[in-house]
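Listed here are the chains, written in short residue letters.
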Amino acid sequence: MEHFEKSNFIRDIIDEHNKTGKFGGRVHTRFPPEPNGFLHIGHAKAICLSFGIAKDYDGLCNLRFDDTNPVKEDEKFVNSIQKDIKWLGFDWGERLFFASDYFGKMYDYAIQLIKAKKAYVDSQTSEEIRKNRGTVKSAGIESPFRNRLVLENLELFEKMKNGEFAEGTHVLRAKIDMSSPNMLMRDPLMYRIKKEKHHRTGDKWSIYPMYDFAHCLEDSMEGITHSLCSIEFENNRPLYDWFLDNLQIYHSQQIEFARLNLNYTVMSKRILSQLVEDGLVSGWDDPRLPTISGLRRRGYTPKSIRDFCDAIGMAKRESVVDISLLEYTIRHDLNVRAERRMAVLNPLKVIIDNYPENQFELLDAVNNPEDESAGKRQIPFSKVLYIEREDFMEDAPKKFFRLAPGREVRLRYAYFIKCESVVKDENGEIIALHCTYDSATKGGKSPDGRKVKATLHWVSAQHAIDAEVRLYDRLFTVENPLSADGDYRDYINPNSVEILQNCKLEPSLQNAKIGEFYQFERKGYFCVDDEKRLIFNRTVTLRDSWAKLQKKGNKK
RNA sequence: UGGGCCGUCGACAAGCGGUAAGUCACAUGGUUUUGGUCCAUGCAUUCAGGGGUUCGAAUCCUCUCGGCCCAACCA
């Protein structure tokens, strides 16, 4: 997957620039999150893009916090964001920046525009400003304050800075064109008064720059060549260019790409935080969420997410990526790296009638068939075992290959066993199976060459350890919960997490460490959750052609 | 007075005037002590639709249709 040719319109543009020498062959990108929430996999796309391009072109990528709105921002987010980017495998070196570090220079640039008669202090109310902006189909009306004298503007702006005015009484606006068909060009706001404590600058500022004014300056001051952002900023580009052109300073090029959408989940920060706040999920790192921290807890690896971002490509058209692609990349990564273990999630007792009481033996098991260097381990076998409940059927259909009365199967790395009888309780519930084993089939080989159709995982009852296993599934029952009828909450998958308390694991799992991942053979990939007790989170199931067959049968 | 962007297989996505890559999904075989992995094969005579230019069009022109974004003192 890592060998395919990356080709997309952004790389085309950069190649062209390198050819014409527009930026002197330099490539310098940036990732500019606002520290107001947790990163999600949509951000991972942007991170892989900007850091990836810098890497591939021998360039640099800055991490810059776009912290221009103290009301929404918080230091805890600047920490989690850095952690997540590092975890994803990217490095910004010494180039950690904050928009707030540029507030002084931005203020000077604003004064420069005022002096050039290209900015003015507007003293309309916010309602007036909104009303006079017009609509998408009709022109706006110029503010009565639009032609204030430079000196007056300078004086008012300074007073705004000094905190002499109440919030909402004045703003600084660029003087562009109130009748522009692009709403953003109708004298956009550059500064607003906010008497709010900033997480980095404290009480120093009473005014804060707006995104459009701030962002292009940040890029310019850092010498960014290609400023990559998502498509909804396309309308902002003329304004981005306007500020830089009118200030006559270094001009980065903004290029927009389509943001990531994934089916069966939501990417909106608003909805995500609603889910968290309403307690519909356990927190920002709930393993069902598409946040980086959620995916990490779920057991997704950085490589699988990077591979995913490579696989989805890069374009401008709006699209919805199938979650199965993400599942593919994590399986693909873990298949090679995860050691195999046997774990019985829903135990059913099996008694081997002809196996000696009080005896056990250790059997060799391969740790990873995809990686010989992972070596082998030994697993205890004894008279009483557990197998998976769903691996036995009393009335088995033809296509069911597993255990059934009178049928023989292989216990992985152990013996062939044959089901002799079924034990039920007073409710008719199956509580145990009596089987016999063939001692000649030790290790799972049959010297007489007879075949069995299934190999089951199992665990020795007296040696097994207990653990909780959490089975996660997609968070929503429909592809796009936000566009479905009614409230998106109605579509939360009631089975998005299933907690199993009574799982029986092979003893080697006793010392599994937080964050480790394993393949539970025939069940899926699991990782050790960050808890005091031993808890395994299911990252993803294995592909399951039997389940697929069953589903098909049910539909008919 | 509206403007900007975008329509290529079920889902992504290459393609840049020379005759539709690749990946996921799906299907069918093979290998297999995981119904896993892996391997093989199949899966767009056609690029939203019409018209035009051309020896030749997904690529150029034109019209039509459809989707998304913009009227926060958010980013």
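In the block above lies the structure referred to throughout.
Residues numbered from 1 in each chain as written. Chains lettered and ligands numbered in written order. Predicted model: local features only at pLDDT ≥ 70, side-chain atom pairs only at ≥ 80, totals over all residues. Heavy atoms only, no water.

### Some details on the overall build of chain A
To be explicit about the condition: Elements are defined by DSSP. Helices are runs of H or I of four residues or more, strands are runs of E of two residues or more, and each kind is numbered from the N terminus. Here the radius of gyration uses the C-alpha set of atoms, whereas the globule reference equals 2.2 Å times the residue count to the power 0.38. Summary of the burial criterion: residues with accessible area below 20% of their type's maximum are buried, those above 50% are exposed, and those between are partly exposed, where the area comes from a 1.4 Å probe applied to protein chains only. Whether two residues are in contact is decided by their heavy atoms, any of which lying within 4.5 Å being enough. Computed by Shrake-Rupley with a 1.4 Å probe, the accessible areas treat only the displayed protein chains as cover when residues are assessed. The positive count covers Lys and Arg only, the negative count covers Asp and Glu only, and His and the chain ends enter neither. By convention, charge coordinates are those of NZ in Lys, CZ in Arg, CG in Asp, or CD in Glu.
Assigned secondary structure in chain A consists of 13 helices and 25 strands. For chain A, whose C-alpha radius of gyration is 31 Å, the value lies well above the compact-globule estimate of 24 Å for 556 residues. Seen through its principal axes, chain A has C-alpha atoms that stretch 100 × 55 × 45 Å. Burial statistics for chain A: of 556 residues in total, 53% are counted as buried. Across chain A, every contact between residues at least 6 apart in sequence was considered, and the portion connecting residues at least 24 apart equals 71%. Split by element, the accessible area of chain A, about 26,400 Å² in all, is 47% carbon and sulfur. Side chains of chain A give 85 positive and 85 negative charges; the mean places of these two sets differ by 2 Å.

### Brief notes about the state of the cysteines
Condition: Sulfur atoms of two cysteines make up a disulfide when they are within 2.5 Å.
The final tally for this structure, using the stated rule, is zero disulfides. Residue Cys216 stays outside any disulfide, its sulfur separated by 12 Å from that of Cys229, the closest cysteine.

### Things to note about the sheet that holds strand β18 (residues 430-438)
We count it as follows: For two strands to count as paired, DSSP must find a minimum of two bridges between them.
With mixed pairing, the seven strands of this open sheet are ordered in space as β19-β16-β17-β18-β12-β15-β20. Every other strand in the sheet has two partners, leaving β19 (455-456) and β20 (458-460) as the edge strands with one partner each. Pairing of strand β12 (residues 347-352) with strand β15 (residues 384-388) involves five bridges; the strand directions are antiparallel. Bridged to Val350 within β15 is Leu385.

### Quick look at the packing of aromatic side chains
As a reminder, the rule being used: Ring geometry is summarised as follows: Phe, Tyr and Trp rings, the Trp one being its six-membered ring, pair when their centres sit within 6.5 Å, and such pairs are stacked at plane angles under 30 degrees, edge-to-face over 60 and tilted between the two. Charge-over-ring contacts are defined here by two conditions on Lys NZ or Arg CZ: a distance within 6 Å of the ring centre and an angle within 35 degrees of the ring normal.
Evaluation of the coordinates by the stated rule reveals 23 aromatic pairs. Taken together, a centroid distance of 4.7 Å and an interplanar angle of 80 degrees make the contact between Tyr415 and Tyr437 edge-to-face. Placement of the pair is Tyr415 in the loop between β16 (408-411) and β17 (416-424) and Tyr437 in strand β18, with a sequence separation of 22 residues. Each of the two residues, Tyr415 as well as Tyr437, counts as buried. Aromatic rings pair up to connect Phe103, Tyr107, Phe157, Tyr191, Trp205, Tyr208, Phe213, Trp242 and Phe243 into one cluster. In this structure, Arg296 is placed above the aromatic ring of Trp87, and the distance from its NZ or CZ to the ring centre is 5.1 Å. The aromatic ring of Tyr264 is capped on one face by Arg474, whose charged end is 4.0 Å from the ring centroid.

### A few points about the side chain of Asn367
Heads up, the rule is: Identification of polar contacts relies on pairs of N or O atoms within 3.5 Å, with a donor-acceptor requirement for protein atoms, meaning one able to donate a hydrogen and the other able to accept it, and with residues adjacent in sequence counted only if both atoms are side-chain atoms.
The topology assignment puts Asn367 in the loop between β13 (360-366) and β14 (376-382). Residue Asn367 is classed as buried on the basis of its relative accessible area of 5%. One polar contact links the side chain of Asn367 to the main-chain carbonyl oxygen of Ala374, over a distance of 2.9 Å. Non-local contacts of Asn367, meaning those with residues more than four positions away in its chain, are made with Ala338, Glu339, Arg340, Arg341, Ala374, Gly375, Lys376 and Arg377.

### Some words on the protein's contact with RNA strand B
Cut-off, in case you're wondering: When we say a residue is near a molecule or strand, we mean one of its heavy atoms is within 4 Å of it. Amino acid classes used here: Ala, Val, Leu, Ile, Met, Phe, Trp, Tyr, Cys and Pro are nonpolar; Asp, Glu, Lys and Arg are charged; the rest, including Gly, are polar.
Around RNA strand B, 75 residues are found, and the nearest of them are Lys137, Ser179, Arg340, Arg402 and Gly443. Considering RNA strand B, the proportion of its atoms within 4 Å of the protein that are sugar or phosphate atoms stands at 64%. Within the backbone of Tyr413, one N or O atom sits 3.2 Å away from a base oxygen of RNA strand B. Between Lys445 and RNA strand B, the recorded distance is 3.4 Å, taken from a backbone N or O atom to a base oxygen. Across the surface near RNA strand B, the residue classes break down as 24 nonpolar, 23 polar and 28 charged.

### Some thoughts on the sheet that holds strand β6 (residues 189-193)
Our working definition: To obtain an axis, a line is fitted to C-alpha atoms, over the contacting stretch when the element is a helix, and the angle between two such axes runs from 0 to 180 degrees between their N-to-C directions.
The strand order across the open sheet formed by four strands is β4-β5-β6-β7, and the pairing between neighbours is antiparallel. With one partner strand each, in any of the chains shown, β4 (119-122) and β7 (207-209) form the two edges of the open sheet. Ignoring strand direction, the axes of neighbouring strands in this sheet form an average angle of 20 degrees. Bridging between β4 and strand β5 (residues 171-174) involves four bridges; their strand directions are antiparallel. Opposite Val121, over in β5, you have Leu172 as the bridge partner.

### Focus on the pattern of salt bridges
As a reminder, the rule being used: Salt bridge criterion: a side-chain nitrogen from Lys or Arg within 4 Å of a carboxyl oxygen from Asp or Glu.
All chains considered together, the criterion is met by 43 salt bridges. The salt bridge involving Lys316 is made with Glu256; its shortest N-O contact spans 3.9 Å. Here Lys316 is found in the loop between α11 (302-312) and α12 (323-337), whereas its partner Glu256 is found in strand β9 (residues 253-257), with 60 residues between them in sequence. Relative accessible area serves as the criterion here: at 38%, Lys316 is assigned to the partly exposed category. The class of Glu256 is buried, set by a relative accessible area of 2%. Salt bridges linked by common partners bring Asp285, Arg297, Glu468, Arg470, Asp529 and Arg533 together as one network.

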